[in-house]
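Breakdown of the fold
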Amino acid sequence: MEDMIFYDRLQFAFTITFHYIFPQLTMGLSLIIVFLKWKYLRSNVEKYNNAAKFLMKIFAINFTMGVVTGIPMEFQFGTNWAKFSELTGGIIGQTLAMEGMFSFFLESSFLALFIFGEKLMGQKLHFITGFLVFLGSWASGWFILATNAWMQHPVGYEILENGKFVLNNFGALFSNPWLLPAFLHNQMASVVTSSFVVAAIGAFYVLRNKQVEYGKLFLKIGVIFGLVSSLLVAFPTGDWNAKNVAKYQPAAFAAMEGIFETEHAGAEIVLIGQPNMVEKKLDNKIAVPNILSFLTYQEWDKQIIGMDKFKEEELPDNVPALYYSYHIMVGLGTIFIGVMLLAFFFLWRRKLYNLKPLLWTIMFLVPFPYIANITGWYTVELGRQPYLVYGLLKTSDGISPTVSSGNTLFTLLGFVALYMLLGLLFLVLVGKTINEGPNSKTH
Amino acid sequence: MEIFWFIAIAIVLVMFFILDGYDFGAGIIHLFFAKKEKDKEVITKSAGLFWDSNEVWLVAAGGMLFMAFPTFYASVFSGFYLPLIIVLWLIIFRAIGLEFRGQFKYRMWKDIWDKSFGVSSLLLALFFGIALGNIVRGVNLGIVKTGVSAHEPHYFFLPLWDSSFSPLSQNPGIIDWFTIIIGLISVVTLAIHGANWIILKTNASINNKLKSVIFKLNILLTLLTIFSIVVWQIVNPNSLDNFINKPYLLVFPLIYFTGLLGTFFIRRIQKDSHAFLLSSLLILGGITSSLASLFPVLLPSINNVNPSLTIYNTTTSEYGLSVALVWGIIGFILLFGYMIIQKRLLKGKIDKMDYGH
């Protein structure tokens, strides 16, 4: 039984982590592409159109990867988490089915038109198809997060005698207080990722001294979008989410922040420290007093409940993993703001393009928004444990009753092998596209 | 309300097999008949342009099943665990074959992805047919051993095959001689459909030859169909009851046989779109006849202890189904709308089209 849960969780964690690499780029990138297309419509400068089409190639590779790794996600609810599907399908089936019908369809129908249809339909229509692709990808995020929000903070349900959750208020699914902040935070984070990617491509061109015209354009767009989005990720959206966790999942909040003991006269914010689960304290702690109380409740001396006030089984089952995920996300987010502020300052002073160390930094930071996004996702998912539906349905009660751990291990290994191949292909293809650049006439 | 959702899901499934069916079929034809580079290229393009928007119908069907019949979704997806996961892997191989073949000009690179696209299309067509075979045959629900269920009555787990390979054994596996017949029917039908699509959408040099291929495949399909109807009676003796009690359901087999007979005149059919329509009728008729013979059962139980899964005992609340009806109708209009816009804008032969690159 223990094995079964472990392999099921590992498989879901692995497949969704790999999947999430792709939509987080496509969601943000579609915004930048629409922006470039709009600039082109207004100015008629060919450069913007070429830049948009070039980014679209990267988008398309990502989109394919997102689709082929996304279809397994829907299947896995049934294959590996059958009991969960049976009990909650009447509710999260709504949001997942809507995702398929309203957003995925929009995105994939118009993507083909956007890529192949420019000459068939003229610039205005082409812009509109691009905009619809953007709309589809963001709507997709909305429905997926609505699903997740329900698992984090269940609303609009009733539980029947046979244990099934059934919907009794459809509107509640979308007015879930968990949803909007989570959605905005997530979308801003995806804009951060794509801005860093675009800026890094720009930095690469400028440093290599090829396609310099486009390099400068990408740097400029990447830095401006990156600065705005990384600020918005922290405030107000990140802050709003943290408050939500404190309100709806206090045990998870205490674990995230590393608060072992309730402090009555205002809680400190932990910058660095390692959770020591044996002695129930943080080792090597560096903390600033009272800040956490202020950030959470806008009162310097407000009490924050620590892990000592919860029963063992109410606490997330892996406190260190949760604590580190959260701190890595916050730490990286802070670095992003710093780097983007600096880059923006030099952009404004017209020195950015010659500032090699900063360009190298931007280029090498590319993996980190991905890491920040993934650890952010882990934070919210680990915080929900040991529940699948917070407070109502235990993870251990959600797995498929007839699928043995051997089968799950076998399919997990299969996914690992297949996804390694996909990852390699992805890097080769994106690398090739970037190397050819927006000026290339091939394809 | 359950009946409405049953019909809605049936429509989405039929749409999926008609639309993605042609690119599965194109893959099968590609694997066996495309020898020249030019043909390989236009055939992959004729599938590659559309596969992702076709696959949405699968995602939509999955989502709707999940929402409307969660118990069925849970039971079937965990019960057919291994083949479903293999299907997922095949879908991935097929998609990357289609998308990435053209990225490099090397011979070997293209060969690898051509095979990946062709073989996984073939296997997927086979697997989907086998899946249908399993559904109409029924499974040992609850895994009954010596009169007692090993699990809750609606859960089961099927091995890939049982040593007897017989659909009549107590706990038949996923692959037995009956499901293989249905699998072959699926492969042949989709190959015909894919060939029609290639004729419709491309100017491949093999297009003239394909008509005689279709003719031969149609003879094979007719034989397989007759054979399957006979053995169907042995495997599931109740399978004709619905048609006898509600004769209007015979319209579905009639659609199938129209497609089957019509395809014999393939060489005389002037318009390529009419031929494509006939193979679409084959798919439409085949799926709807199978579903109609089961209705209202979704998955028959072959033991006497546990009841079959029906649209009534696997569903969710009336409220949930009725709200979903509202957005479902809007969704359907959009789905068909997008599809029509897309197919109209990208109409005509693939190889003559200017892609704007």
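Everything quoted here is computed from the prediction, not taken from an experiment.

**Regarding the overall build of chain A**
- When helices and strands are counted, chain A shows 13 helices and 6 strands.
- The C-alpha atoms of chain A give a radius of gyration of 23 Å, which matches the 22 Å a tight globule of 443 residues would have.
- Across its three principal directions, the C-alpha atoms of chain A cover 65 × 50 × 40 Å.
- Residues classed as buried in chain A amount to 62% of the 443 residues present.
- Roughly 17300 Å² of accessible area belongs to chain A as shown, and the carbon and sulfur atoms make up 66% of that amount.
- Of the charged side chains in chain A, 31 are positive and 29 negative; the average position of the first set lies 19 Å away from that of the second.

**Topic: the environment of F116 of chain A**
- Looking at the secondary structure, you find F116 of chain A in helix α3 (residues 82-116).
- Sequence separation between F116 of chain A and N169 of chain A is 53 residues, and the spatial gap between their C-alpha atoms is 42 Å.

**Notes on the confidence of the model for chain B**
- Averaged over every residue, the pLDDT of chain B is 89; the share at 70 or more is 98%.
- Reported confidences for the modelled complex are a pTM of 0.92 and an ipTM of 0.89.

**Side note on the side chain of S137 of chain A**
Residues and elements named next belong to chain A.
- Here S137 shows up in helix α4 (residues 118-152).
- Side-chain polar atoms of S137 contact the side chain of S30, separated by 3.2 Å.
- Among all residues touching S137, those that are not within four sequence positions of it are T26, M27, S30 and E107.

**Some words on the environment of L190 of chain B**
All names here are of chain B.
- Inspection of the secondary structure puts L190 in helix α7 (residues 177-201).
- Residue L190 is classed as buried on the basis of its relative accessible area, which comes to 4%.
- Ignoring anything within four residues of it in the chain, the contact list for L190 reads F17, G21, F24, G25, A125 and I283.

**Remarks on the domain arrangement of chain A**
Residue and element names in this part refer to chain A.
- Looking at chain A, the domain boundaries give domain 1 (1-75 + 410-442) and domain 2 (81-174).
- For domain 1 versus domain 2, the separation of C-alpha centres amounts to 19 Å.
- At the junction of the two partners, domain 1 supplies 20 residues and domain 2 supplies 19 residues.
- Counting each side, the surface lost to burial between domain 1 and domain 2 is near 1700 Å², with a carbon and sulfur contribution of 81%.
- Here domain 1 and domain 2 share 2 salt bridges between them.
- Across the pair E118 and K53 runs a salt bridge whose closest N-O atoms are separated by 3.1 Å.
- Along the contact surface separating domain 1 from domain 2 lie 6 residue pairs in polar contact (both at pLDDT 80 or more).
- Broken down by secondary-structure element, the contributors of at least two residues to the side of domain 1 that touches domain 2 are α1 (2-43) and α2 (46-79).
- Per-element accounting of the side of domain 1 that touches domain 2 gives the leading share, 13 residues, to α1.
- When grouped by side-chain class, the residues that make up the side of domain 1 that touches domain 2 number 13 nonpolar, 3 polar and 4 charged.

**Observations concerning the interface of chain A and chain B**
- Taken together, the contact pairs 72 residues of chain A with 69 residues of chain B.
- Across the chain A to chain B interface the summed buried area is about 6500 Å²; carbon plus sulfur atoms make up 76%.
- It is F75, M101 and F105 of chain A in chain A that bury the most area against chain B; as a group they hold 12% of the surface buried on that side.
- For the pair chain A and chain B, the interface holds 1 salt bridge.
- Of the charged contacts in the structure, one is a salt bridge between K83 of chain A and E152 of chain B, with a shortest N-O distance of 2.7 Å.
- Linking chain A with chain B are 15 residue pairs in polar contact (both at pLDDT 80 or more), by the criterion used here.
- Sorting the residues of the side of chain A that touches chain B by element identifies α2, α3, α4, β2 (165-167) and α13 (405-436) of chain A as the ones contributing at least two each.
- No other element matches the 26 residues that α3 of chain A contributes to the side of chain A that touches chain B.
- Looking at the side of chain A that touches chain B residue by residue, the class counts come to 41 nonpolar, 23 polar and 8 charged.

**Notes on the pattern of salt bridges**
- Enumeration according to the criterion identifies 19 salt bridges over all chains in this entry.
- The salt bridge partner of E118 of chain A is K37 of chain A, with a shortest N-O separation of 3.9 Å. Here K37 of chain A lies in helix α1 and E118 of chain A lies in helix α4, a separation of 81 residues in the sequence.
- For E118 of chain A, a relative accessible area of 9% translates into the label buried.
- For K37 of chain A, a relative accessible area of 1% gives the class buried.
- Within this structure, E37, R101, R107, K110, D111 and D114 of chain B form a network of salt bridges that share partners.

**What to know about α1 of chain A**
- With 42 residues, α1 of chain A should reach 62 Å at 1.5 Å per residue; the first-to-last C-alpha distance of 61 Å fits that figure.
- Phi turns positive one or two residues past the end of α1 of chain A, at N44 of chain A, with a value near 65°.

**Section: unusual backbone geometry**
- For the bond from Q385 of chain A to P386 of chain A, the omega torsion is 5°, close enough to zero to count as cis.
- Inspection of the secondary structure puts P386 of chain A in the loop between α12 (367-384) and β5 (387-389).
- Cis peptide bonds are those with omega within 30 degrees of zero, and the linkage from F295 of chain B to P296 of chain B qualifies with 0°.
- When you line up the elements, P296 of chain B lands in the loop between α11 (272-294) and β3 (297-299).

**What to know about the packing of aromatic side chains**
- A full pass over the atoms with the stated rule returns 67 aromatic pairs over all chains.
- With centroids separated by 6.3 Å and ring planes inclined at 85°, the aromatic side chains of W150 of chain A and Y157 of chain A adopt a geometry described as edge-to-face.
- Here the aromatic residues F102, F131, F134, W138, W142, F143, F170, F174 and F183 of chain A together with F4, W5 and W327 of chain B are joined through ring pairs into a cluster of three or more.
- Stacked on the ring of W348 of chain A, the Lys or Arg R349 of chain A has its end atom at 5.9 Å from the ring centre.

Conventions we followed
- Residues numbered from 1 in each chain as written.
- Chains lettered and ligands numbered in written order.
- Predicted model: local features only at pLDDT ≥ 70, side-chain atom pairs only at ≥ 80, totals over all residues.
- Heavy atoms only, no water.
- Helix = DSSP H or I, 4+ residues; strand = E, 2+ residues; numbered from the N terminus.
- Rg over C-alpha atoms; globule rule 2.2 N^0.38 Å.
- Buried < 20%, exposed > 50% of the residue type's maximum accessible area, 1.4 Å probe, protein only.
- Areas by Shrake-Rupley, 256 points an atom, 1.4 Å probe, with all protein chains shown as cover.
- Lys, Arg positive; Asp, Glu negative; His and termini not counted.
- Charge placed at Lys NZ, Arg CZ, Asp CG, Glu CD.
- pLDDT = per-residue confidence, 0-100.
- Polar contact = N/O pair within 3.5 Å; in protein donor to acceptor, adjacent residues only side chain to side chain.
- Contact = heavy atoms within 4.5 Å.
- Domains from an automatic or database assignment.
- Buried area = accessible area lost by both parts, 1.4 Å probe.
- Salt bridge = Lys/Arg side-chain N within 4 Å of Asp/Glu carboxyl O.
- Nonpolar A, V, L, I, M, F, W, Y, C, P; charged D, E, K, R; others polar.
- Expected span 1.5 Å × (residues − 1).
- Phe/Tyr/Trp six-rings, centres within 6.5 Å; stacked < 30°, edge-to-face > 60°.
- Lys NZ or Arg CZ within 6 Å of the ring centre and 35° of its normal.

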